[in-house]
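Letter by letter, the chains look like this.
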Amino acid sequence: MASAQVSTVEDIEDLKADFDKINFILSNLVEGVEKCLIKIWPTLTWILKYTGKVDNFFIDFSMETARNGAWKFTNEFVAVPENEREACTQLRDKRITEIARLVSNPGYFVSAVFKFIRLFEKGIVAQKIIDMQIIEEKIWNALWRDLNHSFY
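Residues numbered from 1 in each chain as written. Predicted model: local features only at pLDDT ≥ 70, side-chain atom pairs only at ≥ 80, totals over all residues. Heavy atoms only, no water.

Undergrad: Looking at this structure, I do not really get the overall build of the protein. What am I missing?
TA: Looking only at helices and strands, the protein has eight helices and zero strands in total. Listing every helix and strand of the protein by position from the N terminus yields α-α-α-α-α-α-α-α. Here the C-alpha atoms of the protein give a radius of gyration of 19 Å, more than 25% beyond the 15 Å that 2.2 N^0.38 yields for 152 residues. With the C-alpha coordinates of the protein rotated into their principal frame, the extents come out at 55 × 45 × 30 Å. Put simply, 69% of the contacts in the protein that link residues at least 6 apart link residues at least 24 apart. Carbon and sulfur atoms make up 63% of the accessible area of the protein, which totals about 11500 Å². With 19 positive and 22 negative side-chain charges, the protein shows a separation of 10 Å between the mean positions of the two kinds. (Helix = DSSP H or I, 4+ residues; strand = E, 2+ residues; numbered from the N terminus. Rg over C-alpha atoms; globule rule 2.2 N^0.38 Å. Contact = heavy atoms within 4.5 Å. Areas by Shrake-Rupley, 256 points an atom, 1.4 Å probe, with all protein chains shown as cover. Lys, Arg positive; Asp, Glu negative; His and termini not counted. Charge placed at Lys NZ, Arg CZ, Asp CG, Glu CD.)

Structure below.
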C-alpha cells in the first residue's frame with residue numbers, strides 16, 4: 001500500500017525492483033527462524049533432516065503466494081480513487097484478518113500437533129527468548145553483511 005501511495009498507475013512498476021529486494025531480505029530470514037526454533041526445540045533438527053527441503057518448498061511457496069498477492073493488490077490499489085481508498089483498505093484488512101484467523105485457530109488436529117511439539121521443547125520461556133534474541137542478532141548481522149555485498 002505504501003508503494004501505491006507514493007506512485008501512480010504509470011510509474012508503479014518502477015518500485016517492483018525495490019519490492020523484490022525487500023522480499024528477498026524476508027525470504028532470507030527463514031533459515032534464521034529455523035535456527036531459533038532449533039535452539040528451543042532440538043527435535044526440529046531431526047524433522048528437517050528427515051524431510052529434507054520439503055519445509056523450504058512450502059515456506060517459499062507460501063511467501064511467494066503472499067508476495068504475489070501483495071504486488072497484485074498494490075497494482076490494483078494505485079488505481080483506486082483517493083476517496084475510495086479507505087474502504088478498499090478496510091476490505092483488504094478484513095480479508096487478511098480472515099486468513100490470520102485460519103492460522104491462529106487451526107483446529108483440533110493442528111493444535112494437537114503443536115501440543116506434541118511443546119513436549120520436546122527445552123528450557124524456560126525467559127531463556128528461550130534470550131536464546132532467540134542472540135541468534136536473531138547474529139542473523140541480522142550476517143544478513144546486512146550479505147546485503148551490502150549483494151546490492152552495492
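Structure shown, so let's carry the discussion forward.
Undergrad: Could you clarify how one ought to interpret the nonpolar core in this entry?
TA: Generally speaking, a soluble globular protein has its nonpolar side chains buried in company with each other. In terms of nonpolar packing, the biggest core is built from nine residues, these being A4, I12, F19, W71, F73, F77, V78, V80 and C88. Ranked by residue count, the leading element in this core is helix α5 (residues 54-77), at three residues. If we ignore the near neighbours within four places in the chain, the residues touching F19 are R67, A70 and W71. In this structure, L29, C36, I135 and L143 belong to the second largest nonpolar core, which totals six residues. (Core = buried A, V, L, I, M, F, W, Y, C linked by side-chain atoms within 4.5 Å. Buried < 20%, exposed > 50% of the residue type's maximum accessible area, 1.4 Å probe, protein only.)

Undergrad: Teacher, can you tell me more about the packing of helix α3 (residues 30-40) against helix α4 (residues 43-51) here?
TA: What describes two packed helices is the angle between their axes and the distance between those same axes. Between α3 and α4, whose axes approach to 7 Å, the crossing angle comes to 130°. Put simply, α3 runs oblique to α4. Across the interface between the two elements, E34, L37 and I38 from α3 touch L44, T45 and L48 from α4. Its residues placed into classes, the contact of α3 with α4 shows four nonpolar, one polar and one charged. (Axes fitted to C-alpha atoms, helices over the stretch in contact; angles between N-to-C directions. Parallel < 35°, antiparallel > 145°, perpendicular 65-115°, else oblique. Nonpolar A, V, L, I, M, F, W, Y, C, P; charged D, E, K, R; others polar.)

Undergrad: Is there a simple way to explain the pattern of salt bridges in this structure?
TA: Pairs can form between side chains of opposite charge whenever their charged atoms are close. Per the stated rule, a full pass over the model turns up two salt bridges. Here D20 makes a salt bridge to K16, at a shortest N to O gap of 2.8 Å. Taken as a pair, D20 and K16 lie in helix α2 (residues 16-28) at a separation of four residues, close to a single helical turn. Residues K72 and E76 are paired through a salt bridge, measuring 2.9 Å at the closest nitrogen-oxygen approach. (Salt bridge = Lys/Arg side-chain N within 4 Å of Asp/Glu carboxyl O.)

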